[in-house]
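Working through the structure, step by step
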Amino acid sequence: MAAVTALPVPLSGRFKGSFAYFTIKDRLPQILTRVIDTLHRHKNEFFEEHGEKGVEAEKRAISFLSKLRNELQTDKPVTPLEDELPDAVLWNQYLDYQRNLSNGNGEPSWFQSPWLYVECYMYRRIHAALAQNPPIDNFDVFKEGKAQNFFESQEAIIALCTYFQELLKNIKDLDEKKLQDELFKLLQVSLWGNKCDLSFSAGKDSSQKSSPLQSLENMIPYILVNDMEKLWSVLVNAKKRNTGKSNVRVDIILDNAGFELVSDLVLADFLLLSKLADEVHFHGKSIPCLRTLKSDTQVGLKPGQGEKIQASEPEWMEGCCNFNGESTATLALRSTC
């Protein structure tokens, strides 16, 4: 019987010099500082819309977030959520789980707990800071950065959509090998779209400035785990076994907004129109995060931004990711939380 390799210890800030250490030491405090600055810059807007109640809510939210930043930077214990939002019980249950793992060796804290947990916990606390302070409880502190990132990636989006439009003209005539090649290409575009992750740059510019299609070959050696061949086999075999009684469904876990979201939409459209899948279900975040698209909101455009897109390249916007075209497949959006 083959030996079972034990899972490595989760990355955490206690490993100095690691990605997790610099994330918690530098990147997360920078994100919180930008959130506080964003709220302060919108103070007049809150007053115009809500009067003194809006200003007082802004002050309370900033106080909450300043306290959170101090807890993070001084490695304070992670505290239970005290709000009454639907997922608070689950978060607190997971905190209890982390406490049990410590075996009495101290409370879970920002630098001692798994990095992924404390970063997600930070976003949940940011959400609570707004949710507990109406009338600004629906304000998305990350919206401006995500919108800017999207518009600054417009050149790359145009290149991708133009390529996809040309591909669609002959998609019904592609043989199996060519279909596989195109799937692998769009999978890689979707993968490397993650380079636009705003959270990695703490909210600074990380937009996709050039066509991602031009550098795919050079990026292949940097793919750590490549299961594209396995995915192809699963999709092709599922279609062969499908007798019409059940649909072939692909689920996509959404990560970043902006260019990466567009690349995911293009991939989904390809899967549907090539008949490799009958359904594509997207799973988005349930709360606003620095890099992600919130699942229950539409992409918001300021006055004039829609015209700005249409005036630049109206044709590529019309035909790209048109789920109401010839395909009768299903596109669904679900929340992961």
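Here's a quick rundown of the structure. (Residues numbered from 1 in each chain as written. Predicted model: local features only at pLDDT ≥ 70, side-chain atom pairs only at ≥ 80, totals over all residues. Heavy atoms only, no water.)

What follows deals with the overall build of the protein chain. Within the protein chain, the regular secondary structure consists of 13 helices and three strands. Taken across its 337 residues, the protein chain has 47% of its residues classed as buried. Within the protein chain, contacts between residues at least 6 apart in sequence are counted, and of these 78% link residues at least 24 apart. Within the structure as shown, the protein chain displays about 18,800 Å² of accessible surface, and the carbon and sulfur contribution to it stands at 54%. (Helix = DSSP H or I, 4+ residues; strand = E, 2+ residues; numbered from the N terminus. Buried < 20%, exposed > 50% of the residue type's maximum accessible area, 1.4 Å probe, protein only. Contact = heavy atoms within 4.5 Å. Areas by Shrake-Rupley, 256 points an atom, 1.4 Å probe, with all protein chains shown as cover.)

Here helix H5 (residues 115–131) is 17 residues long and its end C-alpha atoms lie 24 Å apart, about the 24 Å a rise of 1.5 Å per residue gives. Of all 17 residues that make up H5, 14 are buried, and the element is covered over most of its length. (Expected span 1.5 Å × (residues − 1).)

Before going further, it helps to examine the packing of aromatic side chains. All told, the structure shown has 11 aromatic pairs when counted by the stated rule. The structure contains a cluster of three or more aromatic residues connected by ring pairs, namely Trp 91, Tyr 94, Tyr 97, Trp 110, Tyr 117 and Tyr 121. (Phe/Tyr/Trp six-rings, centres within 6.5 Å; stacked < 30°, edge-to-face > 60°.)

On to the packing of helix H1 (residues 19–41) against H5, then. Two packed helices can be described by the angle between their axes and the distance between those axes. Between H1 and H5, whose axes approach to 11 Å, the crossing angle comes to 10°. Compared by their axis directions, H1 and H5 come out roughly parallel. On H5, the residues that touch Phe 19, Ala 20, Thr 23, Ile 24, Arg 27, Leu 28, Ile 31, Leu 32, Val 35 and Leu 39 of H1 are Trp 115, Val 118, Glu 119, Met 122, Tyr 123, Ile 126 and Leu 130. Along the lines of polarity and charge, the residues of the contact of H1 with H5 split into 14 nonpolar, one polar and two charged. (Axes fitted to C-alpha atoms, helices over the stretch in contact; angles between N-to-C directions. Parallel < 35°, antiparallel > 145°, perpendicular 65-115°, else oblique. Nonpolar A, V, L, I, M, F, W, Y, C, P; charged D, E, K, R; others polar.)

This part takes up the pattern of salt bridges. Scanning the model with the defined rule gives 17 salt bridges in all. A salt bridge links Arg 99 to Glu 107; its shortest N-O distance comes to 3.1 Å. Judged by relative accessible area, which is 27%, Arg 99 ranks as partly exposed. With its nearest N and O atoms 3.2 Å apart, the salt bridge here joins Glu 182 to Lys 178. Separated by four residues within a single helix, Glu 182 and Lys 178 lie in helix H8 (residues 176–192), roughly one turn from each other. (Salt bridge = Lys/Arg side-chain N within 4 Å of Asp/Glu carboxyl O.)

Looking now at unusual backbone geometry. That bond from Pro 134 to Pro 135 is cis: its omega, 15°, falls within 30 degrees of zero. Mapped onto the secondary structure, Pro 135 falls in the loop between H5 and helix H6 (143–152). In this structure, Asp 75 is a non-glycine residue whose phi angle is positive, near 55°. Structurally, Asp 75 can be placed in the loop between helix H3 (52–73) and helix H4 (88–101). Phi at Lys 275 takes a positive value of approximately 70°, unusual for a residue other than glycine. The residue Lys 275 is located in the loop between helix H11 (259–273) and strand E2 (279–284) in this model. Judged by its relative accessible area of 49%, Lys 275 falls in the partly exposed class.

Let us look at the nonpolar core. Counting residues in each nonpolar core, the largest one holds 41 residues, and the members touching the most others are Leu 183, Leu 186, Ile 252, Phe 270 and Leu 271. When contributions to this core are tallied by element, the ones reaching two or more residues are H6, helix H7 (154–169), H8, helix H9 (216–219), helix H10 (228–241), strand E1 (249–253), H11 and E2. A per-element tally of this core places H11 first, with nine residues. If we ignore the near neighbours within four places in the chain, the residues touching Leu 183 are Trp 232, Leu 235, Leu 267, Phe 270, Leu 271 and Leu 276. Judged by nonpolar contacts, the second largest core, of 38 residues, contains Tyr 21, Leu 39, Phe 111 and Trp 115. (Core = buried A, V, L, I, M, F, W, Y, C linked by side-chain atoms within 4.5 Å.)

With respect to the helices and strands, Glu 71 occurs in helix H3. A residue is classified by how much of its surface remains accessible, and Glu 71, at 7% relative accessible area, is buried. A distance of 2.6 Å separates a polar atom in the side chain of Glu 71 from a polar atom in the side chain of Lys 67. Each residue touching Glu 71, except ones within four places of it in the same chain, is listed here: Lys 76, Trp 110 and Arg 125. (Polar contact = N/O pair within 3.5 Å; in protein donor to acceptor, adjacent residues only side chain to side chain.)

Glancing now at a nonpolar patch on the surface. Together, Val 9, Leu 11 and Phe 15 line one region of the surface with nonpolar side chains, adding up to about 260 Å² of accessible area. The residue Leu 11 is located in the segment before H1 in this model. Here Leu 11 falls in the partly exposed class, since its relative accessible area comes to 44%. (Patch = residues over 30% accessible without salt bridge, like charges linked within 9 Å, V, L, I, M, F, W, Y side chains within 5 Å.)

Moving on to the packing of helix H2 (residues 43–50) against H3. The geometry of H2 relative to H3 is characterised by a closest axis approach of 6 Å and an angle of 140° between their N-to-C directions. By the angle class used here, H2 and H3 are oblique. Contacts between H2 and H3 involve Lys 43, Phe 46, Phe 47 and His 50 on the former and, on the latter, Glu 52, Lys 53, Gly 54, Val 55 and Glu 58.

Here we take up the pairing of E1. On E1, burial follows the alternation: Val 250 and Ile 252 on one face are buried, whereas Arg 249, Asp 251 and Ile 253 on the facing-out side are not. The handedness of the E1 to E2 crossover, carried by H11, is right-handed. (Right-handed = clockwise from strand over helix to strand, strands pointing away.)

Coordinates in, geometry out; function isn't part of it.
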